[in-house]
Amino acid sequence: MKLITAVIKPHRMDEVKDALQAFGVHGMTVTEASGYGRQRGHTEVYRGAEYTVDLVPKTRLEILVEDEDAEQLIDVIVKAARTGKIGDGKVWSVPVESAVRVRTGDRGPDAL
Amino acid sequence: MKLITAVIKPHRMDEVKDALQAFGVHGMTVTEASGYGRQRGHTEVYRGAEYTVDLVPKTRLEILVEDEDAEQLIDVIVKAARTGKIGDGKVWSVPVESAVRVRTGDRGPDAL
Amino acid sequence: MKLITAVIKPHRMDEVKDALQAFGVHGMTVTEASGYGRQRGHTEVYRGAEYTVDLVPKTRLEILVEDEDAEQLIDVIVKAARTGKIGDGKVWSVPVESAVRVRTGDRGPDAL
Amino acid sequence: MEAADIAFVVICAAMVMLMTPGLAFFYGGMIRVKSALNMLMMCFITMGISSVLWVLYGWSVAFGTDVNGEGGGLFGNFDFIGFQGMLDLDNTPELLTIAVFQLMFAVLTPALISGALAERVKFSAWALFVAVWVSIVYFPVAHWVWGEGGWIGGLEIDGREVIDFAGGTAVHINAGIAALAAVLVIGKRIGFKKDSGMRPHNLPMVLLGAALLWFGWFGFNAGSELAANGTAALMALNTMVATGTAVLGWLIYERLRYGAYTTLGAASGAIGGLVAITPAGADVTPMGAMAIGLVSGAACAWAVGLKYKLGYDDSLDVVGVHLVGGLIGTLMVGFLAIEVGGFAQFVLQAIAAGAVLVYSFVVTLLLALAIKHTIGFRADEDAELTGLDQVYHAESGYDFSQSGGGSAAGSAGDRIPAATQTGDKKVDA
Amino acid sequence: MEAADIAFVVICAAMVMLMTPGLAFFYGGMIRVKSALNMLMMCFITMGISSVLWVLYGWSVAFGTDVNGEGGGLFGNFDFIGFQGMLDLDNTPELLTIAVFQLMFAVLTPALISGALAERVKFSAWALFVAVWVSIVYFPVAHWVWGEGGWIGGLEIDGREVIDFAGGTAVHINAGIAALAAVLVIGKRIGFKKDSGMRPHNLPMVLLGAALLWFGWFGFNAGSELAANGTAALMALNTMVATGTAVLGWLIYERLRYGAYTTLGAASGAIGGLVAITPAGADVTPMGAMAIGLVSGAACAWAVGLKYKLGYDDSLDVVGVHLVGGLIGTLMVGFLAIEVGGFAQFVLQAIAAGAVLVYSFVVTLLLALAIKHTIGFRADEDAELTGLDQVYHAESGYDFSQSGGGSAAGSAGDRIPAATQTGDKKVDA
Amino acid sequence: MEAADIAFVVICAAMVMLMTPGLAFFYGGMIRVKSALNMLMMCFITMGISSVLWVLYGWSVAFGTDVNGEGGGLFGNFDFIGFQGMLDLDNTPELLTIAVFQLMFAVLTPALISGALAERVKFSAWALFVAVWVSIVYFPVAHWVWGEGGWIGGLEIDGREVIDFAGGTAVHINAGIAALAAVLVIGKRIGFKKDSGMRPHNLPMVLLGAALLWFGWFGFNAGSELAANGTAALMALNTMVATGTAVLGWLIYERLRYGAYTTLGAASGAIGGLVAITPAGADVTPMGAMAIGLVSGAACAWAVGLKYKLGYDDSLDVVGVHLVGGLIGTLMVGFLAIEVGGFAQFVLQAIAAGAVLVYSFVVTLLLALAIKHTIGFRADEDAELTGLDQVYHAESGYDFSQSGGGSAAGSAGDRIPAATQTGDKKVDA
Ligand SMILES: Nc1ncnc2c1ncn2[C@@H]1O[C@H](COP(=O)(O)OP(=O)(O)O)[C@@H](O)[C@H]1O
Ligand SMILES: Nc1ncnc2c1ncn2[C@@H]1O[C@H](COP(=O)(O)OP(=O)(O)O)[C@@H](O)[C@H]1O
Ligand SMILES: Nc1ncnc2c1ncn2[C@@H]1O[C@H](COP(=O)(O)OP(=O)(O)O)[C@@H](O)[C@H]1O
């Protein structure tokens with residue numbers, strides 16, 4: 001099994017969710033994050049002090065998938081999240097050794 | 001070493017913490033998350049618009065453990081987090097290559 | 001490729017960011033977290049009830065790096081995040097199978 | 001009633017109106033985030049229910065001429081049902097002025113109770129409780145104390161009369177003891193005494209509520225003179241002095257016992273002081289007000305711990321603050337009152353307090369039991385664990401996520417608002 | 001004007017002043033977090049713009065003696081430009097008193113419109129819109145209704161006069177229909193009807209706004225009597241009664257149709273009731289006020305769904321609440337008014353409402369088109385997606401991260417505030 | 001004092017009371033989340049301390065008849081210690097009325113200073129500072145300006161008197177310069193000028209504070225007439241006009257220099273305008289008020305940058321807003337005052353301002369040094385880094401986590417509230 005992590009622009013969330021559903025993925029875990037990268041932030045002004053804010057809001061998704069779906073799923077996410085502008089984010093995958101569904105104790109593919 | 005990630009129902013947090021302590025785990029890192037899955041959300045109503053909210057609040061735990069404890073720890077978490085109702089969450093583990101305690105620079109098992 | 005995860009004290013964030021930049025890392029993903037560990041929390045008082053709060057605020061960084069930089073990067077982070085007091089946090093790395101830049105679809109080292 | 005007094009009392013009424021939302025924030029901030037909206041709504045709904053009942057019969061029951069004649073004094077007549085016969089604007093402006101001012105008290109008093117029941121009751125059951133409680137407890141008791149012919153207002157010993165200037169008995173003791181009766185019936189929150197997460201979700205909101213309450217309370221207290229004069233000014237001064245002192249009293253107690261000056265303590269101390277000075281402020285010197293403030297601040301700080309010892313779950317300390325504060329003010333003024341203070345006065349005060357205590361406790365207990373055994377009072381366990389906001393109000397309090405509806409509180413997946421699809425049919429058909 | 005009336009009206013003016021921030025919170029809480037500050041600022045800026053224009057010529061246009069003479073009644077003369085000739089403090093305190101009270105109306109009315117345009121207009125275009133709109137729409141219409149010689153105020157049928165006690169036509173219908181005209185020009189938000197994230201980011205803030213509005217509205221309504229008397233007291237009482245009832249009306253409607261009592265509904269119902277009682281409250285009985293409240297609460301609850309059916313994006317329901325509520329109040333008082341109520345009165349009311357509807361709609365439409373085709377009214381797409389706070393205000397609403405500027409809202413990387421480096425040169429040079 | 005004036009001033013007092021919480025929110029929202037409660041508490045605690053001292057001797061020192069006789073005028077006598085001899089309610093209602101009104105000023109003025117010291121002082125040291133500062137700085141200075149026989153109030157040149165209607169010198173210049181003196185002693189926050197995270201944690205809260213301040217300031221300014229008349233109405237009008245204009249002034253400055261209209265700027269501009277119109281508003285025309293507003297808005301916007309250049313850490317710009325705004329208002333009215341304006345008047349104003357500047361600066365500096373070298377003024381480094389909320393108040397401002405006490409702010413692990421275990425013993429034993 002693999003764990004796919006995707007860091008995307010918050011306003012692409014709906015598109016990615018739709019794409020995942022179409023692909024047949026029915027579960028994920030989402031966290032609010034912020035990103036630092038090529039997409040430089042903006043300037044904020046507070047009473048005469050200007051700050052260059054370099055962390056920009058991102059949404060972070062984690063999706064467990066079976067090995068054979070991993071690469072394809074990455075493509076699906078990348079396509080749905082893309083706006084073509086700097087800061088679109090990253091998607092990566094790491095190997096998972098075991099996964100369990102808490103409710104049932106099912107392991108492996110059945111846990112999804 | 002392994003990294004165990006658990007996504008659980010927020011109100012099971014106390015039980016899981018107790019179980020971990022009993023098991024002898026003395027550290028973890030917690031993030032607020034939200035989950036999308038079989039447990040379908042609820043409907044929210046805002047001035048004549050009904051939204052089916054499909055992300056539900058979850059608590060996400062990360063725990064570094066030595067290889068030999070990993071499987072047993074997963075069981076401990078699964079047991080403590082279970083309510084038996086849909087949406088109880090997932091627990092998974094991934095292999096860790098190195099781990100360091102910032103304060104001392106200790107590596108490996110000593111870092112825990 | 002490796003994924004380095006660092007859990008640090010929030011007020012060391014600026015130092016770590018500077019160190020990363022000096023090292024040549026130009027991207028990362030940040031989440032708010034809280035940690036449970038040796039650093040025991042503080043007591044909070046609410047109308048006659050005292051709570052020992054044992055989760056303390058932490059900042060969690062994720063950084064994708066090429067394999068050869070991983071160990072060195074860990075050292076850089078550890079050095080920058082260290083205050084020498086309990087609760088300084090952990091840094092760990094896990095192997096990454098693939099990584100993609102959403103904007104371009106670049107994979108591997110080019111994705112960084 | 002002179003124009004100056006009308007101006008004064010109408011504006012005081014608006015200030016008292018603001019106390020109910022103030023209370024909502026004071027309470028709402030103390031609640032865990034998942035039921036915070038429910039707490040706000042428990043307060044807000046009283047603004048609707050009491051207003052309607054006030055027009056229908058509340059004003060008449062509370063302030064109509066006594067129907068039971070001399071010695072009875074239990075409730076007013078029904079001559080003003082629906083506010084009939086009161087609209088001679090030129091000749092009876094004062095009736096309308098008092099009516100709007102007193103309406104605010106009828107709104108606030110049941111709202112006070114809600115804090116004790118936080119996070120665990122059905123919203124519909126609460127609404128029913130409010131409607132019946134104001135009708136059979138608040139309106140009569142208000143008549144006893146302030147109505148023409150009310151028996152407490154008419155008590156006399158040695159030419160002395162009960163002192164309850166702005167509502168120590170009718171409002172605070174009444175609500176405080178009712179809260180106790182209600183929680184005894186309803187039971188404890190899941191996790192009471194054990195759950196580590198039961199702490200305020202938004203302390204600045206608690207302070208905002210306290211600030212609005214404090215502000216509005218000048219209207220409540222000084223406005224109760226129903227005239228702009230020296231007594232109103234003294235009441236305003238004493239309100240400030242007692243409240244400020246009570247903040248110090250609570251903080252000092254906390255510092256000694258817990259080692260910290262808490263924000264929640266400062267806010268709570270303020271309310272404790274305001275409660276205690278309510279019956280007393282027009283009859284004591286500023287030094288007396290300081291004494292009342294200091295005692296009430298420290299005593300309430302101690303009293304909020306009682307629920308853990310005695311095992312009743314008065315979630316937001318309505319008993320510890322309103323009942324205890326109300327008793328302190330009502331009894332202390334017995335000794336401290338300018339000129340009349342002394343043991344005889346104290347006895348009078350105790351009788352008034354005791355009568356309200358007993359009546360309100362018994363009737364509220366019966367009412368809560370009746371609701372429990374008919375429509376049910378308590379939310380089911382799942383609702384309590386998930387949070388009442390979602391279950392009864394179909395809402396989430398906050399959504400700070402940049403994705404809008406992203407993580408912490410869930411996001412809307414059905415991307416076409418239902419209203420556009422089929423919903424409208426229900427009504428337009 | 002007596003001292004009592006000056007006291008009353010000056011304090012009412014301060015209360016009305018608080019309504020604009022109240023509105024800002026009411027609206028701001030309903031917005032997604034990324035444009036919440038912009039919403040607040042759209043309201044706040046009217047406090048600056050209208051104040052300046054009021055001094056320069058607004059007061060004179062609205063409340064100067066009619067310049068078009070008998071039968072004209074379109075706008076006032078310019079005798080008071082810059083408030084000249086008004087400062088004889090001993091002899092004309094009432095002019096100044098009314099001037100400060102009415103200024104607050106000129107601040108609030110354009111702010112009401114902002115809710116419809118939320119999250120998608122240029123801030124500078126909005127500021128320009130406000131400045132022109134108050135000048136060519138609000139000031140004249142206020143003159144029609146309240147000015148000496150204004151034609152609506154002077155209408156008469158059978159000895160009956162138009163009833164618009166505190167601004168059903170001049171304020172709410174006016175702002176509501178202007179909002180509709182403006183959104184027709186500006187168009188919908190990206191994602192309207194589809195985006196799952198378009199929900200309130202902070203409901204307690206919405207309730208806070210509603211509470212401050214409710215409080216201030218006592219000043220708005222009762223203060224419009226410009227005297228502290230029985231009529232002011234009746235107005236205050238009816239304001240409470242209608243608003244409380246409207247809360248119930250909205251909640252009942254929601255419960256029946258959606259199965260939940262929402263916090264947003266309670267807050268919205270309150271505003272709906274306040275709007276509806278505004279023109280009517282001094283001329284109906286409390287029972288009549290209840291009727292107005294109930295109808296306006298339920299009707300507004302229904303009306304806010306119209307935008308999904310008809311397809312205009314009135315973001316925060318200025319049309320559904322202010323236009324609909326304003327019409328309900330203005331028309332219902334035609335039938336319900338004490339003594340004069342009846343068909344003739346209803347016709348009078350309808351004429352007044354219709355005149356304001358048509359004038360405000362047409363002029364606002366032209367104004368919005370003019371801005372659209374000159375400096376542009378709408379924010380560009382990127383700004384709308386990113387959030388207007390960052391783009392126009394260079395700020396983030398909240399930063400709850402412990403690292404300070406950590407995650408949710410970004411952190412400042414340039415660690416030396418620019419002002420210390422080079423910025424100061426710009427000015428000191 | 002007539003009933004109308006009592007009504008007016010008592011309600012104004014309540015409005016001024018609300019300014020201190022308003023200030024707390026204004027300041028608290030600007031702070032990083034980890035010390036936000038501390039900021040709120042620094043303001044709230046003044047409501048306790050000043051109230052107590054006011055009763056004990058403050059009122060007497062400030063408003064007792066001058067004890068130093070003709071030409072002295074430094075402080076009042078002690079006839080009213082403990083408010084003795086003031087309770088003849090029928091004959092001296094005005095003393096009590098003024099006493100409660102002026103108490104609010106004694107509460108607000110030290111609270112103003114707290115913003116400069118934000119995030120880095122010991123709570124107990126601050127409480128001590130407040131107690132001593134009001135006693136040896138505020139009470140005497142208030143006597144100079146407003147007390148019977150006070151020397152500034154008695155100054156005369158050519159029949160002209162110092163104009164300080166509502167407290168430009170006694171309140172704002174006084175607090176502003178004291179803030180400067182205190183920060184010079186206390187030093188800078190860790191990370192000043194460098195830390196990227198030093199930005200407001202809650203801008204809507206800042207705006208809420210500004211709104212409550214604005215509202216309350218009508219009471220502060222118009223109420224200072226101590227009567228409801230034309231002067232009070234003019235003051236109210238000018239308060240609105242100057243404030244609205246100052247908002248525009250600040251925003252225009254920011255737009256030109258930084259390219260954005262900030263929310264914080266709008267809120268700050270409002271306060272700047274309110275400060276500047278405070279001494280002046282009863283003596284200038286509305287056009288004059290606009291001038292004062294425009295200048296103060298822009299000048300304060302510029303002045304808040306000074307701390308970065310000059311290197312003192314006036315955290316929330318008490319110097320930049322209150323001192324600068326206070327000076328602008330006090331000096332500009334010298335030229336703009338109706339009838340008396342001119343160079344002679346300007347000199348008078350400058351003398352008054354200068355005297356307060358010097359006295360307050362010197363005494364505050366000594367006081368701060370005394371505290372520093374006895375109990376210590378500054379929090380230790382660890383407390384500052386961790387956040388003062390945890391260290392001094394044992395609380396966290398917010399907990400939005402669903403698990404209740406989950407992540408962002410830590411959760412309670414000791415699952416039995418200590419009070420039930422052993423805590424109660426400490427007290428009950
Ligand atoms: N090395 C990295 N490790 C982890 N996350 C990264 C890394 N580089 C970038 N990111 C994440 O991806 C986001 C987008 O990256 P950025 O460099 O701004 O644009 P792009 O991917 O389009 O080149 C960042 O905001 C950050 O969240
Ligand atoms: N494929 C997945 N990858 C990552 N997290 C998942 C996945 N599926 C489910 N989850 C997480 O587990 C939670 C519970 O899953 P759900 O399908 O609702 O119930 P259950 O696990 O009881 O079948 C989800 O809310 C989500 O946080
Ligand atoms: N086993 C673990 N797995 C994951 N994170 C851990 C673990 N142990 C500690 N942490 C994280 O590291 C932080 C610091 O750990 P702690 O034990 O308090 O201090 P130290 O690392 O200095 O010994 C914790 O707050 C937690 O976030």
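That block above? That's the structure.
What you are looking at is a predicted structure, and each value in this text was computed from that prediction instead of being measured.

Chemist: Please clarify how the interface of chain F and chain D should be interpreted in this entry.
Modeler: Interface size is often expressed as the accessible area that is lost when the parts come together. Contacts between the two partners involve 71 residues from chain F and, on the opposite side, 61 residues from chain D. Of the roughly 5,500 Å² buried at the junction of chain F and chain D (both faces included), carbon and sulfur atoms supply 75%. One can count one salt bridge joining chain F with chain D. Here Asp399(F) and Arg199(D) are joined by a salt bridge, their closest N and O atoms 3.2 Å apart. On inspection of chain F and its partner chain D, the count reaches seven residue pairs in polar contact (both at pLDDT 80 or more). Elements supplying a minimum of two residues to the side of chain F that touches chain D: helix H1 (3-28), helix H2 (36-63), helix H3 (93-114), helix H4 (123-146), helix H7 (203-223), helix H15 (388-393) and helix H16 (418-428) of chain F. Across the side of chain F that touches chain D, the residue classes break down as 47 nonpolar, 18 polar and six charged.

Chemist: Sorry if this is basic, but what is going on with the packing of aromatic side chains here?
Modeler: The description of an aromatic ring pair rests on the distance of the ring centres and on the angle between the ring planes. Going through the model one piece at a time under the given rule, you end up with 81 aromatic pairs over all chains. Taking the centre distance of 6.2 Å and the plane angle of 25° together, the rings of Trp59(D) and Phe80(D) count as stacked. Here Phe80(D) lies in the loop between helix H2 (36-63) and helix H3 (93-114) and Trp59(D) lies in helix H2, a separation of 21 residues in the sequence. Phe80(D) shares its class with Trp59(D); the two are buried. Ring plane angle 85° and centroid distance 5.9 Å describe the contact between Phe215(E) and Phe215(F), whose orientation is recorded as edge-to-face. Of this pair, Phe215(E) sits in helix H7 (residues 203-223) while Phe215(F) sits in helix H7, which puts the two residues in different chains. Residue Phe215(E) is classed as buried on the basis of its relative accessible area, which comes to 1%. An aromatic cluster is built from Trp54(D), Tyr57(D), Trp59(D), Phe63(D), Phe80(D), Phe83(D), Tyr138(D) and Phe139(D), whose rings are joined through pairwise contacts.

Chemist: Teacher, can you tell me more about the site of ligand 3 here?
Modeler: The full set close to ligand 3 counts 21 residues, and Thr29(B), Leu64(B), Arg101(B), Arg103(B) and Arg38(C) are the nearest of them. Neighbouring residues of ligand 3 are not confined to a single chain but are spread across chains B and C. One of the side-chain N or O atoms of Thr29(B) is found 2.8 Å from an oxygen atom in ligand 3. At 2.6 Å, a side-chain N or O of Arg103(B) approaches an oxygen atom of ligand 3. Isolated, ligand 3 exposes 550 Å² of accessible area, and the fraction of that covered by the protein chains is 98%. At three residues, strand E5 (residues 56-65) of chain B tops the list of elements feeding residues into the shell around ligand 3.

Chemist: Just checking my understanding: could you explain the packing of helix H1 (residues 3-28) of chain E against helix H3 (residues 93-114) of chain E for this structure?
Modeler: Residue and element names in this part refer to chain E. Between H1 and H3, whose axes approach to 9 Å, the crossing angle comes to 10°. Considered as vectors, H1 and H3 are oriented roughly parallel to each other. Seen from H1, the contacting residues are Ile6, Val9, Val10, Cys12, Ala13, Val16, Met17, Met19, Thr20, Leu23 and Tyr27; seen from H3, they are Pro93, Thr97, Val100, Phe101, Met104, Phe105, Val107, Leu108, Ala111, Leu112 and Ser114. When grouped by side-chain class, the residues that make up the contact of H1 with H3 number 19 nonpolar, three polar and no charged.

Chemist: When you look at the site of ligand 2 in this model, what are you seeing that I'm missing?
Modeler: As a structural note, the neighbourhood of ligand 2 is formed by 21 residues, with Thr29(A), Leu64(A), Arg101(A), Arg103(A) and Arg38(B) the closest of them. Chains contributing residues to the immediate surroundings of ligand 2 are chains A and B. Between a nitrogen atom of ligand 2 and a main-chain N or O atom of Leu64(A), the distance comes to 2.8 Å. The separation between an oxygen atom of ligand 2 and a polar main-chain atom of Arg38(B) is 2.7 Å. For the shell around ligand 2, the secondary structure elements donating two or more residues are strand E2 (28-36) and strand E5 (56-65) of chain A together with strand E2 (28-36) of chain B. At three residues, the largest contribution of residues to the shell around ligand 2 is made by E5(A). In terms of residue class, the shell around ligand 2 is built from seven nonpolar, seven polar and seven charged.

Criteria and thresholds
Every chain's residues receive numbers from 1 upward, in the order its sequence appears when written. To label them, take the chains in the order written and letter them from A, then take the ligands in the order written and number them from 1. Local features are withheld for residues below a pLDDT of 70 in this predicted model, meaning they are given only at 70 or higher, and side-chain atom pairs are given and counted only at 80 or more; totals for whole chains, interfaces and linings count all residues. Side-chain measures were taken over the full set of non-hydrogen atoms in the model, leaving aside hydrogen atoms and water. Only heavy atoms matter for contacts: two residues are in contact if any of them lie within 4.5 Å across the pair. Buried area: the sum, over both parts, of the accessible surface (1.4 Å probe) that disappears when the two are put together. Only one rule defines a salt bridge in this text: a Lys or Arg side-chain nitrogen within 4 Å of an Asp or Glu carboxyl oxygen. Nitrogen and oxygen atoms within 3.5 Å of one another constitute a polar contact, given that in protein one can donate a hydrogen and the other can accept it, and given that sequence-neighbouring residues count only through two side-chain atoms. Helix and strand definitions follow DSSP, with helices as H or I runs of at least four residues and strands as E runs of at least two, each counted in order from the N terminus. Each residue is assigned to one of three groups, with Ala, Val, Leu, Ile, Met, Phe, Trp, Tyr, Cys and Pro labelled nonpolar, Asp, Glu, Lys and Arg labelled charged, and all others, Gly among them, labelled polar. In this scheme Phe, Tyr and Trp rings, the latter by its six-membered ring, pair at centre separations within 6.5 Å, and the angle between planes marks the pair as stacked below 30 degrees, edge-to-face above 60, and tilted otherwise. Only protein chains enter the accessibility calculation, which uses a 1.4 Å probe; a residue is then buried when its area is under 20% of its type maximum, exposed when over 50%, and partly exposed in between. Residues are classed as near a molecule or strand on a simple rule: at least one heavy atom within 4 Å of it. Values of accessible area rely on a 1.4 Å probe in the Shrake-Rupley scheme; residue burial ignores everything except the protein chains shown. In this description, a line fitted to the C-alpha atoms serves as the axis of each element, helices being fitted only across the stretch in contact, and the angle between N-to-C directions of two axes falls anywhere from 0 to 180 degrees. Roughly parallel means an angle under 35 degrees; roughly antiparallel, over 145; roughly perpendicular, 65 to 115; everything else is oblique.

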